[in-house]
Amino acid sequence: MSRPPYEDAASPERPAPLGGAPSDGPPDDVPAADGPPAEAVSVTAVDTPVAAPPPDHTDGTADSERSGDLSPVGRLAATVERLRREVRAAQAEAEGRALVELAKGVLVERLGCGPAAAARHLTELAEQAGVTPLELAVDVINQSAQDRLSEVTLGFLDAVAGRARAAEDAEAAVRLRTAESGALAAQDTQAVADSLLQHALGPLGAVAVAIWAAGPDGSLTLAGSAGFAPGESARWHYVPPDVATVARRGLTERTGHWVESLARTSLPSIGKHLFPDGGRVALPAGTGGRIHGVLEIVWPAPLVPQPPQVVRQMEALAELCAHTLETSRPPQASERPPGPLPDATELMDLADGLHDPALVLVPHLDSTGGLADFRIQHVNSRFLDPAGRPRAVVNGALLLEAYPMAAGESELFQRVERVYATGEPFRARRMGLTALVDEVALAATADISISRHGSCVLLIWRIEDETARLASLLQNAQRLGRIGGFEENLLTGEITWNGQMFALYGRPESSPPVPLERLAAHAHPDDAVTIGRFLRTLLHHRRPASAAFRLQRPDGVTRHMRVVAEPVLDTDDRPVALRGAYQDISSQHWTEVALAATRDQLAHTEQQAHERNRLTLQLQHAIMPPTHNTPLEVPGLQVGVRYRPAEEEQLVGGDWYDAVRLPSGLVMLCVGDVAGHGIEAATSMVVLRNALRGLAVTGAGPGQLLSWLNMVAHHLTGAVTATAVCGLYDPARGTLRWARAGHLPPVLVNGEAAVPLPLVKGLLLGAVPETRYEEGELDLAAGDTLLMYTDGLIERRDRSVEESLGHLLSTARTVPPTLDQQLDRLLVHSRSDTDDDTCIVGIRIGPRTSDDGESRAGEYLHA
């Protein structure tokens with residue numbers, strides 16, 4: 001944290017550090033109400049209003065009368081001045097109230113009375129003495145604390161353990177006195193560091209302290225330290241400029257840099273390996289508005305929020321260090337004794353040798369020794385005032401008087417003040433400058449350079465020429481856009497080209513420009529007609545025109561160009577000049593050519609893909625049996641099939657199905673899925689489906705049929721792989737024999753129950769040359785429904801096969817009146833997200849003509 005961590009710290013009321021126990025009457029050293037003021041000490045004040053002096057309406061009225069004659073900027077300045085006076089009056093009133101409350105607290109402690117009695121006692125004493133309550137309060141406080149150190153003692157008393165004991169309070173005050181005495185009597189900063197750590201910072205829990213001296217170049221030199229090992233101090237003897245450390249943060253932040261724990265920041269610092277988790281405080285050490293160095297304090301543990309009194313005491317110790325740093329400068333890193341710093345006379349000679357406007361500024365201190373302004377000691381011969389005023393008007397004036405707007409948005413004065421305080425130079429480009437002349441604000445843009453030289457500041461600015469800046473901007477834009485401009489005087493024949501025009505033509509700037517009438521001689525012969533049309537529009541029709549052509553340069557390079565021009569007409573509408581621009585569009589041309597070729601190639605590829613998908617779909621539709629109004633008619637059996645193609649044409653796959661009545665009277669039911677998509681998968685599907693139909697007339701069982709089909713897939717289809725399930729239904733017996741080749745098992749629906757058939761062993765088709773397939777057999781009763789399907793019905797990317805199969809069983813338990821409705825319902829409620837095609841074959845058993853006894857659905861026989 002960069003601000004003092006006392007924003008949330010409470011400031012508890014504190015009893016007076018001196019004095020005896022309260023009694024019923026006033027103590028001996030405090031007189032009664034009719035006596036003179038007594039010696040007292042300060043305590044915490046309580047809120048009591050103090051009469052403020054009446055506002056100065058006369059000045060305000062005068063300001064109001066004058067503001068009517070001022071410009072908006074002048075009225076703003078008058079308003080700011082009035083508000084400043086009101087703020088000062090309010091601050092004085094607040095300070096007076098605080099002093100009165102502090103004096104009342106002294107009387108409360110000394111007299112042992114309440115706040116109301118103390119206020120009445122203070123008023124009576126003021127009336128008897130013939131002074132105001134504020135003057136009497138000041139007198140009481142001065143008798144209690146007669147120097148600055150007495151003010152800061154209370155802050156240290158709060159930090160010392162056991163604040164309630166007077167003996168310990170007195171010991172803490174003695175320590176602070178000793179620290180001040182040791183600092184003022186020390187001959188160097190090392191002795192100051194030892195004294196501060198021993199007498200002042202040690203009781204606060206600090207374990208080490210470092211005093212850094214700031215160099216003119218922004219470097220830091222370790223002037224004194226205590227609590228660190230000698231090797232650590234030697235290693236951190238010098239910190240170069242622009243190196244970020246805790247001390248440098250303290251140098252650049254006016255309120256100091258407060259670090260709760262060094263481990264939570266990446267900033268390096270002296271003794272970091274000794275106290276890695278400790279807190280740090282880096283406070284700027286300065287006097288008279290100038291910062292001479294930094295006081296860095298080290299704690300062994302994370303820093304807790306400090307009360308405001310303790311923070312002020314640390315700032316007072318930093319000021320003590322500043323007095324020592326001001327009179328004792330440490331050697332620089334080069335170990336050479338520092339030479340004499342240049343004074344104002346030498347700096348003025350330096351400014352006169354510069355080619356840019358320069359001002360030499362010297363600090364202007366107020367009556368208290370604080371920095372109030374900078375006086376313009378000297379302006380060089382090249383000085384150019386943004387308001388156009390002569391040098392004699394600016395030379396010798398105060399900076400804020402000559403440029404009052406420097407304290408505004410540009411923050412120029414704050415920059416100068418900062419450079420003077422820290423010694424770090426400041427540079428900025430295109431910084432706004434505003435001069436107020438006769439209440440008129442005149443703005444300018446300049447490049448700024450500020451540097452400190454000894455006790456003076458050198459301010460250099462280079463006011464930007466708007467015309468030159470715009471010309472440079474235009475030149476860079478033409479270069480980046482590969483644009484060249486020209487102008488041709490038709491009366492005198494004079495032609496003006498800019499530098500980019502010669503570069504476009506590939507000609508040296510010493511060669512004569514080419515007139516528009518000879519443009520065709522430098523262009524490709526095929527572009528002669530285009531150029532002729534361009535010149536006729538421009539010269540005869542007297543209208544702006546443009547043309548694209550190929551420029552043949554002397555170096556043999558051909559560039560694609562675009563020329564745009566317009567005629568300049570006189571009062572009689574006769575052309576007197578031509579002006580325009582050329583642009584090299586070669587990159588754009590070749591990009592358009594490449595894009596056109598890419599578009600043609602993409603269109604050809606899309607056409608091929610569309611044709612391929614169309615052929616695949618035609619092939620698939622040609623060999624698949626119809627899904628509705630199936631011609632298969634078997635007494636006591638309903639047969640239904642459904643096929644849902646893939647949503648994307650390029651995903652047309654190898655799913656297939658078949659339902660056919662064999663010569664033996666059996667009904668063959670099968671579904672299969674060839675691995676892959678596209679025309680190859682569809683072709684392989686045709687081979688397997690037709691092969692299975694041909695093998696089925698042999699009268700073999702489903703297991704044998706799949707064994708033969710496996711040989712076909714392995715040897716005759718280019719080693720494709722596929723899954724399939726095949727069943728033979730005997731309408732006379734009502735039994736189904738079935739086998740599977742790596743396929744999902746059929747689902748049997750009986751009433752409100754839907755279960756998959758028990759798995760029988762069977763390897764997928766085409767995996768091995770020869771294999772055997774087990775068969776299963778079950779009896780089907782009237783009303784039973786058997787479903788065969790491919791994985792496109794249930795497969796999901798984010799679900800397992802078991803979860804997807806469970807959803808299918810849940811959907812199949814609802815049995816609509818017809819088989820077709822049930823198959824359509826399965827497709828509607830499918831949750832598949834693979835965009836694969838889907839096949840479903842279903843049969844529903846109707847009543848048989850002969851009584852076959854009770855249904856035995858669900859009884860399974862395995863071979």
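This one's a predicted model, so the numbers in the text were calculated from it and none came from an experiment.

The next subject is the overall build of the protein. Looking only at helices and strands, one finds 22 helices and 27 strands in the protein. Relative to its 863 residues, the protein shows a buried fraction of 44%. In the protein, the share of contacts with a sequence separation of at least 24, taken over all contacts with a separation of at least 6, comes to 62%. Accessible surface computed for the protein: about 43,700 Å², of which carbon and sulfur atoms make up 53%.

This part covers the sheet that holds strand β16 (residues 575–584). If you trace the five strands from one edge of the open sheet to the other, you get β13-β12-β16-β15-β14, paired in antiparallel fashion. Because the sheet does not close on itself, it has two edges, and the strands there are β13 (495–497) and β14 (545–552). Going across the sheet, the axis of each strand differs from the next one's by a mean of 25°, ignoring polarity. The pairing of strand β12 (residues 483–489) with β13 spans three bridges and is classified as antiparallel. When the sheet's bridge partners are listed, Phe 486 is paired in β13 with Trp 497. Sitting on the sheet, helix α17 (residues 528–540) touches β14, β15 (558–569) and β16, and the angle it makes with β14 is about 145°.

Moving on to the confidence of the model for the protein. When pLDDT is averaged along the protein, the result is 77, and 75% of the positions lie at 70 or above. Every residue in residues 152–174 is under pLDDT 50, and counting partners more than four places away or in other chains gives 36 contacts. Across residues 331–342 the pLDDT falls below 50, and counting only partners more than four positions away or on other chains, this stretch makes nine contacts in the model.

Enumeration over the complete set of coordinates arrives at nine aromatic pairs. Between Phe 486 and Tyr 582, the aromatic rings sit 5.4 Å apart at their centres with planes inclined by 55°, giving tilted as the arrangement. Taken together, the positions of Phe 486 in strand β12 and Tyr 582 in strand β16 put the pair 96 residues apart, joining distant regions of the chain. Each member of the pair, Phe 486 together with Tyr 582, is buried. Both rings, one in Tyr 505 and one in Tyr 582, keep their centres 5.6 Å apart while their planes meet at 80°; by these two values the pair is edge-to-face. With Tyr 505 in helix α16 (residues 499–505) and Tyr 582 in strand β16, this residue pair connects regions lying 77 residues apart in the sequence. Here Tyr 505 falls in the buried class, since its relative accessible area comes to 2%. Taken together, the ring pairs connect Phe 486, Trp 497, Phe 502, Tyr 505, Phe 549 and Tyr 582 into an aromatic cluster.

What follows concerns the pairing of strand β25 (residues 785–789). Across the five residues that make up β25, a large majority, five, are buried. Burial along β25 is two-sided: the residues Thr 785, Leu 787 and Tyr 789 and Leu 786 and Met 788 are all buried. The pairing of strand β22 (residues 747–750) with β25 spans three bridges and is classified as antiparallel. The partner of Leu 748 across the bridge, within β25, is Leu 786. Across five bridges, the pairing between β25 and strand β26 (residues 838–845) is antiparallel. Looking across to β26, one finds that Met 788 is bridged to Val 841.

Time to look at the nonpolar core. Leu 201, Leu 295 and Met 314 are the most contacted members of the largest nonpolar core, which has 30 residues in total. At the level of elements, α7 (189–201), β1 (208–214), β2 (220–226), β5 (280–287), β6 (290–298) and α10 (308–327) are the ones that each hand at least two residues to this core. Per-element accounting of this core gives the leading share, nine residues, to α10. When sequence neighbours within four positions are dropped, the list of residues in contact with Leu 201 reads Leu 196, Ala 206, Val 209, Ile 297 and Leu 317.

So, on to the environment of Val 557. Along the chain, Val 557 turns up in the loop between β14 and β15. Looking at Val 557, the relative accessible area reads 32%, which means it is partly exposed. Filtering out sequence-adjacent residues up to four positions away, Val 557 remains in contact with Leu 551 and Gln 552.

A few words on the packing of helix α19 (residues 679–696) against helix α20 (residues 702–715). With their axes 10 Å apart at the nearest point, α19 and α20 run at an angle of 140° to one another. By the angle class used here, α19 and α20 are oblique. Like other packed secondary-structure pairs, α19 and α20 cross with a definite hand, here right-handed. Across from Val 687, Leu 688, Ala 691, Leu 692, Leu 695 and Ala 696 in α19, the residues of α20 making contact are Leu 705, Trp 708, Leu 709, Val 712 and Ala 713. Classifying every residue of the contact of α19 with α20 gives 11 nonpolar, no polar and no charged.

Let us now look at the sheet that holds strand β3 (residues 238–239). Here we have six strands laid out as an open sheet, ordered β3-β2-β1-β6-β5-β4, and antiparallel in their pairing. For this open sheet the edge positions go to β3 and β4 (257–259), each flanked by a neighbour on one side alone. Inspection of the sheet shows β1 paired to β2 by six bridges, in the antiparallel sense. Within the sheet, the bridge partner assigned to Ala 210 lies in β2 and is Ser 225. Packing of α7 onto the sheet brings it into contact with β1, β2 and β6, and relative to β2 it is tilted by some 45°. Packed onto the sheet, α10 meets β1, β2, β4, β5 and β6 and runs at close to 50° relative to β5.

What follows covers helix α11 (residues 344–352). Residues of α11 that are buried: Ala 344, Leu 347 and Ala 351. The arc that holds the buried residues of α11, viewed along the axis, is 60°, so those residues lie on one side.

All right, on to unusual backbone geometry then. Even without a glycine there, the phi angle at Asp 242 is positive, about 65°. Looking at where Asp 242 falls in the secondary structure, it is placed in the loop between β3 and α9 (246–252). Although it is not a glycine, Asp 573 sits at a positive phi angle of roughly 60°. Within the secondary structure, Asp 573 is located in the loop between β15 and β16. Accessibility expressed as a relative area gives 46% for Asp 573, which makes it partly exposed.

The next subject is the packing of helix α21 (residues 801–812) against helix α22 (residues 819–828). Their axes nearest at 10 Å, the elements α21 and α22 cross at an angle of 145°. Seen from above, α21 lies across α22 with right-handed handedness. For the pair α21 and α22, contact is made by Leu 808, Thr 811 and Ala 812 and by Gln 822, Arg 825 and Leu 826, respectively. Here the contact of α21 with α22 is built from residues that sort into three nonpolar, two polar and one charged.

Thresholds applied
- Residues numbered from 1 in each chain as written.
- Predicted model: local features only at pLDDT ≥ 70, side-chain atom pairs only at ≥ 80, totals over all residues.
- Heavy atoms only, no water.
- Helix = DSSP H or I, 4+ residues; strand = E, 2+ residues; numbered from the N terminus.
- Buried < 20%, exposed > 50% of the residue type's maximum accessible area, 1.4 Å probe, protein only.
- Contact = heavy atoms within 4.5 Å.
- Areas by Shrake-Rupley, 256 points an atom, 1.4 Å probe, with all protein chains shown as cover.
- Pairing = 2+ DSSP bridges.
- Axes fitted to C-alpha atoms, helices over the stretch in contact; angles between N-to-C directions.
- pLDDT = per-residue confidence, 0-100.
- Phe/Tyr/Trp six-rings, centres within 6.5 Å; stacked < 30°, edge-to-face > 60°.
- Core = buried A, V, L, I, M, F, W, Y, C linked by side-chain atoms within 4.5 Å.
- Parallel < 35°, antiparallel > 145°, perpendicular 65-115°, else oblique.
- Left-handed = near helix turned anticlockwise from the far one by under 90°.
- Nonpolar A, V, L, I, M, F, W, Y, C, P; charged D, E, K, R; others polar.
- Arc of directions from axis to C-beta.

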